Amino acid sequence: MARKSAGILAFRRTQGFVEVLLAHPGGPFWSKRDLGAWSMPKGEYADDEESEAAARREFQEETGIEVTGKLIPLGTVRQHSGKLVTAFAVEADIDMTDFKSNLFAMEWPPHSGQDKLFPEVDRIEWFSLADASNKLVAGQRPLLDLLSQATASAASAERCSGQ
């Protein structure tokens with residue numbers, strides 16, 4: 001059975017353009033990687049947990065920010081590893097200057113017998129959709145199209161209802 005992960009793709013509109021919030025994984029394996037290394041804040045969850053609850057929990061663990069607003073379901077994509085990633089979007093202009101990620105322990109250096117703590121996320125930044133397409137891991141790139149479709153549908157519905 002494929003592992004499951006859920007996350008939130010936060011977005012904001014700046015000067016008529018959409019930007020998305022992406023997280024760079026912490027730890028020594030990712031420290032020198034940039035293009036194709038970023039992700040939306042996300043994490044694995046068990047069968048007995050709802051994907052939306054997991055997405056909210058993981059966003060808070062990786063950013064230190066609690067998302068309380070209504071989430072827009074984007075769908076599920078399969079990453080190259082086979083992991084299924086369920087994504088939600090939220091429109092929020094979040095200041096991430098002082099974000100605080102949770103920590104994980106791993107043996108470092110390898111075979112040293114010593115555990116070292118690393119932040120799960122070492123950087124978090126807002127990117128244009130074009131830049132995000134280059135930064136995101138390949139398996140999550142379709143989420144940008146799903147976000148564009150969802151935001152276009154929402155804007156169209158608002159125009160039709162006269163809001």
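Residues numbered from 1 in each chain as written. Predicted model: local features only at pLDDT ≥ 70, side-chain atom pairs only at ≥ 80, totals over all residues. Heavy atoms only, no water.

Chemist: Help me understand the environment of Trp126, please; the structure alone is not making it clear to me.
Modeler: If you trace the backbone, Trp126 turns up in strand β8 (residues 121-128). C-alpha of Trp126 to C-alpha of Val18: the two residues are 108 residues apart in sequence and 9.7 Å apart in space. Excluding residues within four positions of it along the chain, Trp126 makes contact with Ala10, Phe11, Arg12, Glu19, Val20, Leu21, Ala92, Asp93 and Ile94. Among the polar contacts listed, one links the side chain of Trp126 to the backbone oxygen of Ile94, at a separation of 3.1 Å. (Helix = DSSP H or I, 4+ residues; strand = E, 2+ residues; numbered from the N terminus. Contact = heavy atoms within 4.5 Å. Polar contact = N/O pair within 3.5 Å; in protein donor to acceptor, adjacent residues only side chain to side chain.)

Chemist: Before we go on, may I ask you to explain the packing of aromatic side chains in this structure?
Modeler: The description of two aromatic rings rests on the distance between their centres and on the angle between their planes. Applying the stated rule across the entire model yields three aromatic pairs. Seen from their ring centres, Phe29 and Trp108 are 5.7 Å apart, and the 85 degrees between their planes marks the pair as edge-to-face. Here Phe29 is found in the loop between β2 (17-25) and β3 (42-44), whereas its partner Trp108 is found in the loop between β6 (103-107) and β7 (115-119), with 79 residues between them in sequence. Considering the side-chain rings of Trp38 and Phe127, the 5.0 Å spacing of their centres and the 80 degrees angle between planes classify their relative orientation as edge-to-face. One end of the pair, Trp38, is in the loop between β2 and β3; the other, Phe127, is in strand β8, with 89 residues separating them in the sequence. Judged by its relative accessible area of 7%, Phe127 is buried. (Phe/Tyr/Trp six-rings, centres within 6.5 Å; stacked < 30°, edge-to-face > 60°. Buried < 20%, exposed > 50% of the residue type's maximum accessible area, 1.4 Å probe, protein only.)

Chemist: Is there a simple way to explain the pattern of salt bridges in this structure?
Modeler: Side-chain pairing between opposite charges can occur once the charged atoms of the two side chains come close. This model, assessed by the stated rule, comprises twelve salt bridges. When the shortest N-O distance is used, the salt bridge between Arg12 and Asp93 registers 2.8 Å. With a gap of 81 residues between them, Arg12 in strand β1 (residues 4-14) and Asp93 in the loop between β5 (84-91) and β6 connect regions that are remote in the sequence. Classification of Asp93 as exposed rests on a relative accessible area of 61%. One salt bridge connects Glu49 with Arg57, and the closest N-O pair in it is separated by 2.7 Å. Glu49 gets classed as partly exposed once you look at its relative accessible area, which sits at 24%. Residue class for Arg57 comes out partly exposed when judged on its relative accessible area of 28%. Here the salt bridges do not stand alone but share partners, grouping Glu49, Arg57, Glu58 and Glu61 into one network. (Salt bridge = Lys/Arg side-chain N within 4 Å of Asp/Glu carboxyl O.)

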